[in-house]
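# A look at the structure
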Protein chains: 2
Amino acid sequence: MVLQGDDAAARPRLGRAPSTTHADLSHTALRLFMERGFDATTVDEIAREAGIGRRTFFRYFPSKNDVPWGDFDRLLDGMRDHLASMPDDLPLMEQLRRSILEFNRVPESEVEYHRRRMELLLHVPTLLAHSTLRYASWRQVVAEHVGRRLGLPHGDLIPQTMAWTCLGVCLAGYEQWLGDADADLLELLDEAFRLIDERIGTEAIQAHRGSHASRSARG
Amino acid sequence: MVLQGDDAAARPRLGRAPSTTHADLSHTALRLFMERGFDATTVDEIAREAGIGRRTFFRYFPSKNDVPWGDFDRLLDGMRDHLASMPDDLPLMEQLRRSILEFNRVPESEVEYHRRRMELLLHVPTLLAHSTLRYASWRQVVAEHVGRRLGLPHGDLIPQTMAWTCLGVCLAGYEQWLGDADADLLELLDEAFRLIDERIGTEAIQAHRGSHASRSARG
DNA sequence: GATACTAATGACACCCGGTGCCGTTAGGAA
DNA sequence: TTCCTAACGGCACCGGGTGTCATTAGTATC
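Everything quoted here is computed from the prediction, not taken from an experiment.

On to the overall build of chain A. A tally of regular secondary structure across chain A gives 10 helices and 0 strands. Secondary structure of chain A in N-to-C order comes out as α-α-α-α-α-α-α-α-α-α. Taking all 219 residues of chain A together, 52% fall into the buried category. At a minimum sequence separation of 6, the contacts of chain A that also span at least 24 residues come to 69%. Carbon together with sulfur atoms contributes 49% to the accessible area of chain A, which is approximately 10,400 Å² in total.

Right, here's the structure in full:
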């Protein structure tokens, strides 16, 4: 969950130059969220504080809810690629563990910032609800990999349930992390996955493959 | 997921009589949602159609998003009680399976109605997001039972992850159900739980009990 | 340096969900 | 009838989000 990348790296081409960046806006907004609370911070306030118009705010972020998320889609693409590049002889859960850990790696300098963002995302009801849509995309990526690996449609029960379980492991791990100021996120997640792994044997799942007519559902 | 119960059964006591019921309002609204789509249906339209004031609508439902949910909290209380009443000698997953199935039982006459509601809840992004808050309560009930049963804080990794997994099984099952007009929901969920059960052995989990310092997180 | 082109900006009006407030209405009880 | 009470409905208001459009600030061209 690294922050959104190089806004500035893009070459100045044509037309009026943008008056701010995603990163700047995001930092300003997050600061206000921390000071006054998420719901109590209005978009007008964020815009004023950032020195832009309210209308402009919505050209940087589709909604106030999206601010704490950064460029999630790009990260997700990264995880998809990472999963696809996993050697075939690795057990499924091991592939998932490695890729998901990688997905959650964040530069040392941004750990505290990350902690504050996740605190918001997991504890503010509005954001908790909104996050569901992101989680759905994330689960989709996991389910597709599991499906591919097991030769099942990604809409089938096993891939879907494994995706939910992985999400649960991550979020439970995040909660532990947020509750312990000294904890290391990746260590926690790693431990969590190893603990769960022992209970979700890939072999057993594969034994079941084909034993049921595979109904497919939309992912 | 039986619908909200007897609005009318309450004795008329004092003051002006209510001009409608949760059930009536709910049916009117659901019909409009089906006809025009959820987002395209405004609260004003629902109120007008139901013959009440817009302001009154919000006295029956805290938000438009809550309409398709009915009286979820009451159902949840039922599940909590059902779980608590389970014989101790039953394996954990068996207790969960039974209670969750019971939670999802719906009278034959309401099956089609239930299907339409779930179609909305699972496929309309706005509702999908909002539902997260309900799912959180549901997971809480599951996690508390698992925690009690395993002698772990409900915030610990195992109860939390099991709750997520159960939720995943249910929602994956619902997706299968929605994708197959002839399917029977309870049969599907039953099959799903039995399939997953074999992979989440309670004994193995119990073997791990206490092997880690139990960090607790808020549920 | 003037001009043309382009892209971001900001102001405005508007829609919708949701809330606080308050006077009104419709029932039972005295 | 009168009193009490709970539900009702209208109104004003807030905040998030969108469509529209004139304006601004850059680059490229002459």
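What follows covers helix 8 (residues 157-179) of chain A. For helix 8 of chain A, which comprises 23 residues, the first-to-last C-alpha distance of 33 Å matches the rise-based estimate of 33 Å (1.5 Å per residue) to within 8%. Within helix 8 of chain A, 22 of the 23 residues are buried, leaving the element largely enclosed by the surrounding structure.

Taken together, 25 residues are adjacent to DNA strand C, and G53, R59 and Y60 of chain A together with R54 and R55 of chain B come closest. Close to the protein, within 4 Å, the atoms of DNA strand C are drawn from sugar and phosphate at a rate of 57%. At 2.7 Å from a phosphate oxygen of DNA strand C is found a side-chain nitrogen or oxygen belonging to Y60 of chain A. Separating a phosphate oxygen of DNA strand C from a backbone N or O atom of V43 of chain B is a distance of 3.1 Å. Those elements that place two or more of their residues in the surface near DNA strand C are helix 3 (54-60) of chain A together with helix 3 (54-60) of chain B. Split into classes, the residues belonging to the surface near DNA strand C amount to 7 nonpolar, 9 polar and 9 charged.

Looking now at the packing of helix 1 (residues 22-36) of chain B against helix 6 (residues 111-123) of chain B. All names here are of chain B. Two elements in contact, helix 1 and helix 6, have axes whose closest approach is 11 Å; the angle formed by their N-to-C orientations is 60°. With respect to their mutual orientation, helix 1 and helix 6 come out oblique. Here helix 1 and helix 6 pass one another in a crossing that is left-handed. In contact with S26, H27, L30, F33 and M34 of helix 1, helix 6 contributes Y113, R116, R117 and L120. Partitioning the contact of helix 1 with helix 6 into residue classes produces 5 nonpolar, 2 polar and 2 charged.

The next thing to look at is the pattern of salt bridges. Residues and elements named next belong to chain A. Throughout the structure, instances matching the rule amount to 26 salt bridges over all chains. In this structure, D77 engages R80 in a salt bridge whose closest nitrogen and oxygen atoms are separated by 2.7 Å. Of this pair, D77 and R80 both sit in helix 4 (residues 72-84), 3 residues apart, which is roughly one turn of the helix. Residue classification places D77 among the partly exposed positions, given a relative accessible area of 39%. Residue classification places R80 among the partly exposed positions, given a relative accessible area of 33%. Note that R194 and D190 form a salt bridge whose closest N and O atoms lie 3.2 Å from each other. Separated by 4 residues within a single helix, R194 and D190 lie in helix 9 (residues 185-197), roughly one turn from each other. In this structure R194 comes out as partly exposed when scored by relative accessible area, which is 43%. The network of salt bridges with common partners includes E94, R97, R98, D190 and R194.

All names here are of chain A. In the predicted model, chain A carries a mean pLDDT of 87, and the fraction of residues at 70 or more is 84%. The low-confidence segment residues 1-11, where pLDDT is below 50, has 29 contacts with residues more than four positions distant or belonging to other chains. Contacts for the low-pLDDT stretch residues 201-219, under 50 throughout, to residues beyond four places or in other chains number 38 contacts.

Turning next to the UniProt feature "domain: HTH tetR-type" (unreviewed entry) in chain A. Here the UniProt-annotated "domain: HTH tetR-type" (unreviewed entry) positions come out as residues 19-79 of chain A. Taken as a whole, residues 19-79 of chain A contains 62% helix and 0% strand, while its terminal C-alpha atoms sit 32 Å from one another.

Before going further, it helps to examine the UniProt feature "DNA-binding region" (unreviewed entry) in chain A. The positions UniProt marks with the feature "DNA-binding region" (unreviewed entry) are residues 42-61 of chain A. Annotation note: span residues 42-61 of chain A, helix share 75%, strand share 0%, distance between end C-alpha atoms 14 Å.

Time to look at the protein's contact with DNA strand D. Around DNA strand D sit 26 residues in total, of which R54 and R55 of chain A together with S19, R59 and Y60 of chain B are the nearest. Take the atoms of DNA strand D that sit within 4 Å of the protein: sugar and phosphate atoms are 56% of them. In this structure, V43 of chain A approaches DNA strand D through a main-chain N or O atom, which is 3.1 Å from a phosphate oxygen. Contact between DNA strand D and Y60 of chain B: a phosphate oxygen at 2.7 Å from a side-chain N or O atom of the residue.

This brings us to the domain arrangement of chain A. Residues and elements named next belong to chain A. You can read the domains of chain A as domain 1 (5-66) and domain 2 (71-218). The interface is formed by 11 residues belonging to domain 1 together with 10 residues belonging to domain 2. Carbon and sulfur atoms make up 61% of the surface buried where domain 1 meets domain 2, a total of about 930 Å² over both sides. Summed over the three residues of domain 1 that lose the most area to domain 2, namely M34, F38 and N65, the buried surface amounts to 47% of that side. Across the domain 1-domain 2 interface, the total number found is 1 salt bridge. D66 is the salt-bridge partner of R134, the closest N and O atoms lying 2.3 Å from each other. Across the domain 1-domain 2 interface, the total number found is 4 residue pairs in polar contact (both at pLDDT 80 or more).

As a further point, take the nonpolar core. Ranked by size, the top nonpolar core spans 128 residues in total, and within it M79, L96 and W138 of chain A together with M79, L96 and W138 of chain B carry the most contacts. With residues near it in sequence (within four places) discarded, L96 of chain A still touches L83, V142, H145, V146, M162 and C166 of chain A.

Rules used throughout
Residues numbered from 1 in each chain as written. Chains lettered and ligands numbered in written order. Predicted model: local features only at pLDDT ≥ 70, side-chain atom pairs only at ≥ 80, totals over all residues. Heavy atoms only, no water. Helix = DSSP H or I, 4+ residues; strand = E, 2+ residues; numbered from the N terminus. Buried < 20%, exposed > 50% of the residue type's maximum accessible area, 1.4 Å probe, protein only. Contact = heavy atoms within 4.5 Å. Areas by Shrake-Rupley, 256 points an atom, 1.4 Å probe, with all protein chains shown as cover. Expected span 1.5 Å × (residues − 1). Near = heavy atom within 4 Å. Polar contact = N/O pair within 3.5 Å; in protein donor to acceptor, adjacent residues only side chain to side chain. Nonpolar A, V, L, I, M, F, W, Y, C, P; charged D, E, K, R; others polar. Axes fitted to C-alpha atoms, helices over the stretch in contact; angles between N-to-C directions. Parallel < 35°, antiparallel > 145°, perpendicular 65-115°, else oblique. Left-handed = near helix turned anticlockwise from the far one by under 90°. Salt bridge = Lys/Arg side-chain N within 4 Å of Asp/Glu carboxyl O. pLDDT = per-residue confidence, 0-100. UniProt positions renumbered as here; feature names shortened; annotations may be inferred. Domains from an automatic or database assignment. Buried area = accessible area lost by both parts, 1.4 Å probe. Core = buried A, V, L, I, M, F, W, Y, C linked by side-chain atoms within 4.5 Å.

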